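Examining the three-dimensional arrangement
Take a look at the letters that make up each chain.
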Amino acid sequence: MHDKILILDFGSQVTQLIARRVREAHVYCEIHPNDVSDAFVREFAPKAIILSGSHASTYEAEDLRAPQAVWDLGVPVLGICYGMQTMAAQLGGAVEGGKTREFGYAEVRAHGHTRLLEGIQDFATAEGHGMLKVWMSHGDKVTTLPPGFKLMASTPSCPIAGMADEARGYYAVQFHPEVTHTVQGRALLERFVLQIAGARPDWVMRDHVEAAVARIREQVGDEEVILGLSGGVDSSVAAALIHRAIGEQLTCVFVDHGLLRLNEGDMVMDMFAGKLHARVIRVDASELFLGELAGVSDPEAKRKIIGRLFVDVFKAEAAKLKAGSGGHKGASFLAQGTIYPDVIESGGAKTKKATTIKSHHNVGGLPEQLGLKLLEPLRDLFKDEVRELGVAVGLPPEMVYRHPFPGPGLGVRILGEVKKEYADLLRRADAIFIEELRNFRDEASGKSWYDLTSQAFTVFLPVKSVGVMGDGRTYDYVVALRAVQTSDFMTADWAELPYALLKKVSGRIINEVRGINRVTYDVSSKPPATIEWE
Ligand code: XMP
């Protein structure tokens, strides 16, 4: 049994980051909505509890309270932003609405000596006060400390920016330690979970493999499992893990829609069927997909067609597997690579507070339609953890640290109508771009530009431009290179790739890919542009 931290979510956009920071300290934690029952909190048996921020105001939102059990359990509690305000309001202090919202960078002064902040500071003032560089986002503030609490931190505009009742292990900060702009945020959260709560740092992916394998075996027994393999990180790691647990009882279905990257289909087969010896059925449906996409140029219409056909093709294969044949009795489980952010985003937490719903994740409703039970071995894990687990079960790091690739594949990277001719040109141009990103290293960090960017790809523009090659004039297609840096894909900056890299890529694409005579670089940030072009 792992020691567990309970994070109660009051609806902040950044609650997930609290969980990520705690997990990075190798402590297991879960996010649940703030209105869980007292019994739930007791049964969860947390080593400590963290109360998140919120958009709401404590004195407006009566229902946004921590359950009474939080205060009855006798475990340390950390309140963040709104979590601090509700702690103050519930324990006998006072909170008032601020006239102005305080948003962004602030310097906070630490007061007295508290276990939470001891030895943690960014700089000291001339008078010797420890200072923290933090990120704030609040309107309301605590104006009276609850009985038993002492002042822990302040700013000129927020005199009570932190408070502590060390006898009970209650700490609270008005700023956000979970965001990276708060320089010592990670140290502060680590201090809370490891030293103050005394949680064991035993959440390590290498060790988690055995537990995950045991759980899959127990859930599946001697039944059979189908998994839709896309070549993406999540489904690949799920496949490798489940295969390790139940071997031949797993069958992967890999639908090739003809919109994959160069040699991608063969690489997936080589890895799973070749190296891992898993049962993989490769369905070549490229003619079907390209046929249905002919004449369609609207991006959303293309997405719908690709999504629908994907489900149809997968369902047909799954139905065959469900029926069983050739020594296989028939599948009763459908495995999916659902990960923890999907669970949180789709309102797995019952009040759906922290939701920004993405519809393009996994195939909703499929298990019910197919009459299959669901197996989701990654549902407790963040993306970084899925990657570590992938390496731990033997997948190559280049595979698990790949940039994300959209489900509709090159279908949304060929602007307008999708044609096989365009897809073939794009695949070759994109492979050159990616190869050079992997080859070029940044001298200062020693990292490749592939690792220094979050997502990079080539976009096919169905327009022709004039060029000159040798003695002749050319009239060929144009591609755009796109490379962005982002931490969450909600906002992104275009990457300042070295000119030498861009030069090499454009030279190679124009020389090696007959049919493309012009290469451009996309210098738009998100927002207002998006990362993909469609
Ligand atoms: P945008 O273009 O919206 O992309 O800035 C944000 C992230 O989402 C990916 N993306 C998709 N992924 N199906 C997917 O599975 C889609 O239809 C889709 N559209 C965008 C995109 O690659 C980027 O990582």
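Residues numbered from 1 in each chain as written. Predicted model: local features only at pLDDT ≥ 70, side-chain atom pairs only at ≥ 80, totals over all residues. Heavy atoms only, no water.

As annotated in an unreviewed UniProt entry, the chain carries the name GMP synthase [glutamine-hydrolyzing] and comes from Rubrivivax gelatinosus. UniProt, in the comment section headed Catalytic activity (unreviewed entry), describes the chain in these words: "XMP + L-glutamine + ATP + H2O = GMP + L-glutamate + AMP + diphosphate + 2 H(+)". Per UniProt, the chain has the following entry under Function (unreviewed entry): "Catalyzes the synthesis of GMP from XMP." (UniProt positions renumbered as here; feature names shortened; annotations may be inferred.)

**Here's the deal with the overall build of the chain**
A tally of regular secondary structure across the chain gives 17 helices and 21 strands. For the chain, whose C-alpha radius of gyration is 26 Å, the value lies close to the compact-globule estimate of 24 Å for 534 residues. Its C-alpha atoms give the chain principal-axis dimensions of about 80 × 60 × 40 Å. The buried share among the 534 residues of the chain stands at 55%. Within the chain, counting contacts between residues at least 6 apart in sequence, those at least 24 apart form 74% of the total. Taken as a whole, the chain presents about 23,500 Å² of accessible surface, with 51% of it coming from carbon and sulfur. Treating the 60 positive side-chain charges of the chain as one cloud and the 69 negative ones as another, the clouds have centres 2 Å apart. (Helix = DSSP H or I, 4+ residues; strand = E, 2+ residues; numbered from the N terminus. Rg over C-alpha atoms; globule rule 2.2 N^0.38 Å. Buried < 20%, exposed > 50% of the residue type's maximum accessible area, 1.4 Å probe, protein only. Contact = heavy atoms within 4.5 Å. Areas by Shrake-Rupley, 256 points an atom, 1.4 Å probe, with all protein chains shown as cover. Lys, Arg positive; Asp, Glu negative; His and termini not counted. Charge placed at Lys NZ, Arg CZ, Asp CG, Glu CD.)

**Examining the pattern of salt bridges**
In this structure the tally under the stated criterion is 30 salt bridges. Here Asp-266 and Arg-282 are joined by a salt bridge, their closest N and O atoms 2.9 Å apart. On the criterion of sequence distance, the pair formed by Asp-266 in helix α8 (residues 264-275) and Arg-282 in strand β15 (residues 279-284) is long-range, its members being 16 residues apart. Here Glu-436 ties to Lys-504 by a salt bridge, and the two come within 3.7 Å at their closest N and O atoms. Of this pair, Glu-436 sits in helix α15 (residues 420-439) while Lys-504 sits in helix α17 (residues 499-512), placing them 68 residues apart in sequence. One network of salt bridges, in which partners are shared, links Glu-435, Glu-436, Lys-504, Arg-508 and Glu-512. (Salt bridge = Lys/Arg side-chain N within 4 Å of Asp/Glu carboxyl O.)

**A closer look at the nonpolar core**
Counting residues in each nonpolar core, the largest one holds 53 residues, and the members touching the most others are Ile-226, Leu-437, Leu-497 and Ile-509. Per-element tally for this core: the top contributor is α15, with nine residues. Setting aside its immediate chain neighbours within four residues, Leu-437 contacts Ser-448, Trp-449, Tyr-450, Ala-456, Leu-497 and Leu-501. Of all hydrophobic cores here, the second largest spans 43 residues; its members include Met-205, Val-209, Leu-260 and Leu-375. (Core = buried A, V, L, I, M, F, W, Y, C linked by side-chain atoms within 4.5 Å.)

**Side note on the UniProt feature "binding site: ATP" (unreviewed entry) in the chain**
If you check UniProt for "binding site: ATP" (unreviewed entry), the listed places come out as Ser-230, Gly-231, Gly-232, Val-233, Asp-234, Ser-235 and Ser-236 in our numbering. If you trace the backbone, Ser-230 turns up in the loop between β13 (224-229) and α7 (233-246). Under the relative-accessibility criterion, Ser-230 is labelled partly exposed at 38%. With residues near it in sequence (within four places) discarded, Ser-230 still touches Ser-235 and Phe-254. Take Ser-236: it is sitting in helix α7. Discounting chain neighbours no more than four positions away, the residues touching Ser-236 are Leu-229, Gly-231, Phe-272, Leu-395 and Met-399.

**Here we look at the pairing of strand β12 (residues 170-173)**
Burial along β12 is two-sided: Tyr-170 and Ala-172 and Tyr-171 and Val-173, pointing in opposite directions, are all buried. With four bridges connecting them, strand β4 (residues 77-80) and β12 associate as parallel partners. Bridged to Gly-79 within β12 is Ala-172. Inspection of the sheet shows strand β11 (residues 158-165) paired to β12 by four bridges, in the antiparallel sense. Note that in β12 the partner of Ala-164 across the bridge is Tyr-171. The antiparallel pairing of β11 with β12 creates a hairpin that spans four residues between the two strands, and Gly-169 there sits at a positive phi of about 75 degrees. (Pairing = 2+ DSSP bridges.)

**Describing the site of the ligand**
Around the ligand, a shell composed of eleven residues is seen, among which Arg-303, Gln-455, Lys-526, Ile-531 and Glu-532 lie nearest. Gly-407 has a polar backbone atom sitting 2.9 Å from an oxygen atom of the ligand. Residue Glu-532 places a side-chain N or O atom 2.5 Å away from an oxygen atom belonging to the ligand. Here the ligand has 490 Å² of accessible area as a free molecule, and 84% of this is covered by the chains. Looking at the shell around the ligand residue by residue, the classes come out as four nonpolar, four polar and three charged. (Near = heavy atom within 4 Å. Polar contact = N/O pair within 3.5 Å; in protein donor to acceptor, adjacent residues only side chain to side chain. Nonpolar A, V, L, I, M, F, W, Y, C, P; charged D, E, K, R; others polar.)

**Let's talk about helix α5 (residues 185-196)**
An ideal rise of 1.5 Å per residue puts 16 Å on twelve residues; α5 measures up with 15 Å between its terminal C-alpha atoms. Residues of α5 that are buried: Gly-185, Leu-188, Leu-189, Arg-191, Phe-192, Val-193 and Ile-196. Looking at the buried positions of α5, the neighbouring elements they touch are β1 (4-9), α1 (15-24), β3 (48-51), β4 and β12. Of the residues flanking the end of α5, it is Gly-198, one or two places downstream, whose phi is positive at about 70 degrees. (Expected span 1.5 Å × (residues − 1).)

**Here's the deal with the packing of helix α6 (residues 205-220) against helix α13 (residues 383-392)**
Each pair of packed helices can be described by the angle between their axes along with the distance between the axes. Their axes nearest at 9 Å, the elements α6 and α13 cross at an angle of 75 degrees. Here α13 runs roughly perpendicular to α6, going by the angle between their axes. Between α6 and α13, the residues in contact are Met-205, Arg-206, His-208 and Val-209 and Glu-385, Glu-388, Leu-389 and Ala-392, respectively. In the contact of α6 with α13, the residues fall into four nonpolar, one polar and three charged. (Axes fitted to C-alpha atoms, helices over the stretch in contact; angles between N-to-C directions. Parallel < 35°, antiparallel > 145°, perpendicular 65-115°, else oblique.)

**Re α6**
Between its first and last C-alpha, α6 extends 22 Å over 16 residues, near the 22 Å set by a 1.5 Å rise per residue. Every buried residue belonging to α6 is among Met-205, His-208, Val-209, Ala-212, Val-213, Ile-216 and Val-220, and all of these are buried. Relative to the axis of α6, the buried residues are bounded by an arc of 140 degrees and lie together on one face. Pointing more than 90 degrees away from the buried face of α6 are the exposed residues Glu-210 and Glu-218. (Arc of directions from axis to C-beta.)

**Examining the sheet that holds strand β10 (residues 150-155)**
The strand order β2-β1-β3-β4-β12-β11-β10-β6-β8-β7 describes an open sheet built from ten strands, whose pairing is mixed. Because the sheet does not close on itself, it has two edges, and the strands there are β2 (28-33) and β7 (123-124).

**A word on the UniProt feature "active site" (unreviewed entry) in the chain**
UniProt records the feature "active site" (unreviewed entry) for Cys-81, His-176 and Glu-178 in the present numbering. Across 98 residues, the annotated set stays spatially compact, with a maximum C-alpha separation of 10.9 Å. Relative to the helices and strands, Cys-81 resides in the loop between β4 and α4 (82-90). We classify Cys-81 as buried; its relative accessible area is 3%. Every residue in contact with Cys-81, bar those within four places of it in the chain, is listed here: Gly-53, Ser-137, His-138, Val-173, Gln-174, Phe-175 and His-176. Looking at the element boundaries, His-176 is found in the loop between β12 and α5. When its relative accessible area of 4% is taken as the criterion, His-176 is described as buried. The residues touching His-176, leaving out its near neighbours within four places in the chain, are Val-14, Ile-80, Cys-81, Trp-135, Ser-137 and Thr-182.

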